[in-house]
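One letter stands for each residue in the lines below.
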Amino acid sequence: MRIIKRNTFDEPVNLESEPVPAWGPRVLTVTSGKGGVGKTNLSVNLAIALTRLKQRVIIFDADLGMANVDVLLGITPPFNLYDYLYKGIPVEEILTPGPGGIRIISGGSGFLELACLTHQQHSRLLEGLNKINGLADFIIIDTGAGISKEVLAFCAAADEVLVVIAPEPTSLTDAYGLIKVIDRFKLQRNAYLIVNQSHSEGESLDTVNRIRTLAGKYLTVEIKYLGDICYDPCVSKAVRKQLPFLLTDCAAAAGVRKIAGAILHKTFKPEQQIERGLPGFISKLGRLFR
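Analysis parameters
- Residues numbered from 1 in each chain as written.
- Predicted model: local features only at pLDDT ≥ 70, side-chain atom pairs only at ≥ 80, totals over all residues.
- Heavy atoms only, no water.
- Helix = DSSP H or I, 4+ residues; strand = E, 2+ residues; numbered from the N terminus.
- Salt bridge = Lys/Arg side-chain N within 4 Å of Asp/Glu carboxyl O.
- Buried < 20%, exposed > 50% of the residue type's maximum accessible area, 1.4 Å probe, protein only.
- Expected span 1.5 Å × (residues − 1).
- Polar contact = N/O pair within 3.5 Å; in protein donor to acceptor, adjacent residues only side chain to side chain.
- Contact = heavy atoms within 4.5 Å.
- Phe/Tyr/Trp six-rings, centres within 6.5 Å; stacked < 30°, edge-to-face > 60°.
- Lys NZ or Arg CZ within 6 Å of the ring centre and 35° of its normal.
- Axes fitted to C-alpha atoms, helices over the stretch in contact; angles between N-to-C directions.
- Left-handed = near helix turned anticlockwise from the far one by under 90°.
- Nonpolar A, V, L, I, M, F, W, Y, C, P; charged D, E, K, R; others polar.

1. Side note on the environment of Gln 120
Relative to the helices and strands, Gln 120 resides in helix H4 (residues 119–131). Spatially, the C-alpha atom of Gln 120 lies 9.6 Å from that of Leu 85, the residues being 35 residues apart in sequence.

Structure (structure tokens):
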């Protein structure tokens, strides 16, 4: 088992729990330049790792119209975001318990309307998010891949954006394209990279350095390395069983636990504390949806 020894937020990891910030749950947007790199799998297992660190975590499956967090977990939510937006179901009732103590807001799958929300529906979405402010310490936004309007809005409004990449050329190209758009429109100051399906520490570092080199030449956004997850055939077996690999003996779980610890103990810099947590996310998302 290969355990990553880096704390890639460039701050020492304090093993003592920190108090939940007064501004409410931190919002992490997990995204990728292309599909198939394990973004949703990372979101689910990262959520479980954070709950094991005594954090309350809600996953918002924001791959609107093509949501699959519930499929990955092998559960069938009684209600989803479609029911909230179109049928008047209270947002508290669409929160579905998941394995490991997490809770899920399913985006619904196959609903064309969810991919084309109106201004009124965006407003109702924000209203629903506001109601869950006191129910979590972390909210993980699992977006679709690519650079759609909704994906970029969730990236812009989050406290941190985690970009999942695989060590292969198309993933690198698409991840850089996503970061380039984030930089062009000044959506974030930093992009936190997670290398998934890595065969070695050297491969992970090479992957990140290639993006850092390009970004250093042409972009202003700062590329920060959050960590990697080793390639492990056990992961695909867990996916087929619809079971989070963190609940198995997969070697890949070590990387996720390390990433969760680094995220938990990262602190906001003073200039980042103007609009933070879920209230800041809702405020920024509201402006972007206008």
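2. What about the pattern of salt bridges?
For the structure on display, the rule yields seven salt bridges. For the salt bridge of Asp 142 with Lys 39, the shortest nitrogen-to-oxygen distance reads 3.4 Å. Taken together, the positions of Asp 142 in strand E5 (residues 138–143) and Lys 39 in helix H1 (residues 39–51) put the pair 103 residues apart, joining distant regions of the chain. Among the residues examined, Lys 39 registers a relative accessible area of 8% and is labelled buried. Linking Glu 127 and Lys 131 is a salt bridge whose minimum nitrogen-to-oxygen distance equals 3.9 Å. In this pair, Glu 127 and Lys 131 both sit in helix H4, four residues apart, roughly one turn of the helix.

3. Points about unusual backbone geometry
Backbone phi values are negative for most residues with the exception of glycine, while trans is the configuration of most peptide bonds. The residue Gln 197 is not glycine, and still its phi comes out positive at about 60 degrees. Checked against the element boundaries, Gln 197 lands in strand E7 (residues 190–198). Given a relative accessible area of 32%, Gln 197 falls into the partly exposed group. Phi at Gln 242 takes a positive value of approximately 55 degrees, unusual for a residue other than glycine. Mapped onto the elements of the fold, Gln 242 is located in the loop between helix H8 (233–240) and helix H9 (253–264). You can call Gln 242 partly exposed: its relative accessible area is 37%.

4. Re H1
The α-helix advances 3.6 residues per turn, and as a result positions three or four apart in sequence lie on the same side. With 13 residues, H1 should cover 18 Å at 1.5 Å per step; its first-to-last C-alpha distance of 19 Å lies within 8% of that length. In terms of residue burial, H1 counts as a mostly covered element, since 13 of its 13 residues are buried.

5. With respect to the side chain of Thr 31
Inspection of the secondary structure assignment puts Thr 31 in strand E1 (residues 26–31). Looking at Thr 31, its side chain comes within polar contact range of the side chain of Thr 143, at 2.9 Å. Those residues in contact with Thr 31 that sit more than four places away from it in its chain are Lys 39, Thr 143, Gly 144, Val 151, Cys 155, Val 161, Leu 162, Val 163, Val 164 and Leu 178.

6. Topic: the packing of aromatic side chains
Inspection of the entire model under this criterion finds two aromatic pairs. Ring geometry for Phe 60 versus Phe 154: centroids 5.9 Å apart, planes at 85 degrees, classification edge-to-face. Highlighted residues: Phe 60 in strand E2 (residues 57–62) and Phe 154 in helix H5 (residues 149–157), separated in sequence by 94 residues. Residue classification places Phe 60 among the buried residues on the basis of a relative accessible area of 1%. Against the face of Tyr 84 rests Arg 124, its NZ or CZ located 3.9 Å from the ring centre.

7. Let's talk about the packing of H1 against H9
For the pair H1 and H9, interaxial distance at closest approach is 9 Å and the crossing angle is 65 degrees. Between H1 and H9 the crossing geometry is right-handed. The residues of H9 that touch H1, namely those facing Leu 42, Asn 45, Leu 46, Ala 49 and Leu 50, are Val 256, Arg 257, Ile 259, Ala 260, Ile 263 and Leu 264. Residue classes in the contact of H1 with H9 are distributed as nine nonpolar, one polar and one charged.

8. Looking at the packing of helix H6 (residues 169–184) against helix H7 (residues 201–218)
Where H6 contacts H7, the two axes come as close as 11 Å, and the packing angle between them is 35 degrees. Classified by chirality, the crossing of H7 by H6 is right-handed. In contact with Leu 172, Ala 175, Tyr 176 and Ile 179 of H6, H7 contributes Thr 207, Arg 210, Ile 211, Leu 214, Ala 215 and Tyr 218. Tallied by class, residues from the contact of H6 with H7 come to eight nonpolar, one polar and one charged.

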